[in-house]
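The primary structure of each chain is shown beneath.
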Amino acid sequence: MNKYVLDQYDRPMKDLRISVIDQCNFRCTYCMPAEIFGEDYRFMHQDELLSFDEIIRLVEVFAQFGVEKIRITGGEPLMRKNLDELIYRLNQIEGIKDIAVTTNAVFLVKQAKKLKAAGLQRVNISLDAIEDEVFKITNGRGVKTKPVLKGIEAAREAGLEIKINMVVKQGMNESQILPMARYFKNTGDTLRFIEFMDVGNHNGWNMSEVVSKKKIIDDIHEEMPLIPLDANYYGEVASRYRYEDSDAEIGVISSVTDAFCSSCTRIRLSADGQLFTCLFASKGYDIREMIRSGKTDQEITSRLIKIWTGRDDQYSVERAQKKPQRDKKIEMSYIGG
Ligand code: SAM
Ligand code: SF4
Ligand code: SF4
């Protein structure tokens, strides 16, 4: 019944992103700049985080709406204690077909095997440069690429499917587009370039720092010819390409220069149980309060239908049309991408 209600709506809800923690071991300059997220920054307390029981209860409700895909994110999700237990339980929920984690990979060396054993299928690993001197700056903590490359290796050995995500920002790491493409063409891992976005309020975003999908593809194509591929499924956000002379793929997520709001099937749950229908929202809906005040599944369901069908988000389209922007947006480390 619930799935029926939402399938009639123009943007079906398919993809739930759950942030499980707002803390991180990195301070990427475009996400959690160290000067803002310093020693005295107040991260969430344990009792503010949704418990695993609370997350599972909500996902059971979401699954009835047609949500099939779960992405666990953060902050750095592998810093949440016993994450494998959550993955195991999510995997038991009827209707959930695909579970992935987005991570900076550093803790995969210790956790890849147990996450795989718990039922994790895929990891998206963030890596913004292959040269240490650039990566040390992008991650804001002076970390070299080795711990991330070791994490990627651990994921491979554990049998996890891997995608590599690289945020491209002019003046930060555009020099790494070709070196990253060459490196991952050789390993056979899919590399996805992400246009630098104006999420949050602190990354000093400016349109002149966005390296467009067109520029990224043109630069790679000149050296390593590419063939465009069809989307795998409705709402896929990456434009995909394959190299002419190999099976390796790349993708570009062009949220700035080629917005895809009309097919946005994502809903996001923050670590403290706020629900967001858009990455650029300024306010969420407090679902944790509903759970902790004893509301029934039916009451939560009615609220979700109201939230989703009342949704008119198209921030990226408005940005492209240079319409007035929101004053205060949620932070990427809070909502997890
Ligand atoms: N810590 C994990 C990681 O980095 O993979 C998960 C959370 S992180 C917020 C999720 C994704 O958002 C990463 O791929 C990251 O590169 C991306 N991201 C963060 N800030 C961004 C920005 N300003 N523009 C584009 N992508 C961004
Ligand atoms: Fe941490 Fe991921 Fe944000 Fe980097 S992008 S600061 S790794 S949450
Ligand atoms: Fe979806 Fe909002 Fe991104 Fe548009 S701007 S694709 S509505 S999250």
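Residues numbered from 1 in each chain as written. Chains lettered and ligands numbered in written order. Predicted model: local features only at pLDDT ≥ 70, side-chain atom pairs only at ≥ 80, totals over all residues. Heavy atoms only, no water.

A. Molecular detail of the sheet that holds strand β9 (residues 249-253). Taken in spatial order, the 12 strands of this open sheet run β7-β8-β9-β6-β5-β4-β3-β2-β1-β10-β11-β12, and their pairing is mixed. Each of the sheet's edge strands pairs with one partner strand only, and the pair in question is β7 (226-228) and β12 (285-286). Pairing analysis gives six bridges linking strand β5 (residues 161-168) to strand β6 (residues 190-195), with the strands arranged parallel. Looking at β6, one finds that Lys163 is bridged to Thr190. (Pairing = 2+ DSSP bridges. Helix = DSSP H or I, 4+ residues; strand = E, 2+ residues; numbered from the N terminus.)

B. Main features of the side chain of Glu331. In this structure, Glu331 sits in the loop between α11 (315-320) and α12 (332-335). The buried category is assigned to Glu331, whose relative accessible area is 11%. A distance of 2.9 Å separates a polar side-chain atom of Glu331 from the backbone nitrogen of Asn201. With sequence-adjacent residues up to four places away left out, Glu331 is seen in contact with Cys31, Phe37, Gly200, Asn201 and His202. (Buried < 20%, exposed > 50% of the residue type's maximum accessible area, 1.4 Å probe, protein only. Polar contact = N/O pair within 3.5 Å; in protein donor to acceptor, adjacent residues only side chain to side chain. Contact = heavy atoms within 4.5 Å.)

C. Representation of empty space enclosed by the protein in the model. Enumeration over the complete set of coordinates arrives at two cavities of 30 Å³ or more. Its boundaries defined by the atoms lining it, the second largest cavity holds a volume of some 40 Å³. The wall of the second largest cavity is formed by Tyr30, Cys31, Pro33, Val199, Gly200, Asn201, His202, Asn203, Glu331 and Met332. Its residues assigned to classes, the lining of the second largest cavity shows five nonpolar, four polar and one charged. (1 Å grid on protein atoms, 1.4 Å probe; cavity = no way out; pocket = protein on both sides within 12 Å on 5 of 7 lines; lining within 4 Å. Points joined across faces, edges and corners; volume = space filled by probe spheres on them. Nonpolar A, V, L, I, M, F, W, Y, C, P; charged D, E, K, R; others polar.)

D. Looking closely at the packing of helix α2 (residues 52-64) against helix α10 (residues 297-309). One can describe the packing of α2 onto α10 by two numbers: an axis separation of 10 Å at closest approach and a directional angle of 60 degrees. Taken together, the axes of α2 and α10 lie oblique to each other. Note on packing geometry: the crossing formed by α2 with α10 is right-handed. Contacts between α2 and α10 involve Arg57, Leu58, Val61 and Phe62 on the former and, on the latter, Asp297, Ile300, Thr301 and Leu304. Of the residues belonging to the contact of α2 with α10, the class tally is five nonpolar, one polar and two charged. (Axes fitted to C-alpha atoms, helices over the stretch in contact; angles between N-to-C directions. Parallel < 35°, antiparallel > 145°, perpendicular 65-115°, else oblique. Left-handed = near helix turned anticlockwise from the far one by under 90°.)

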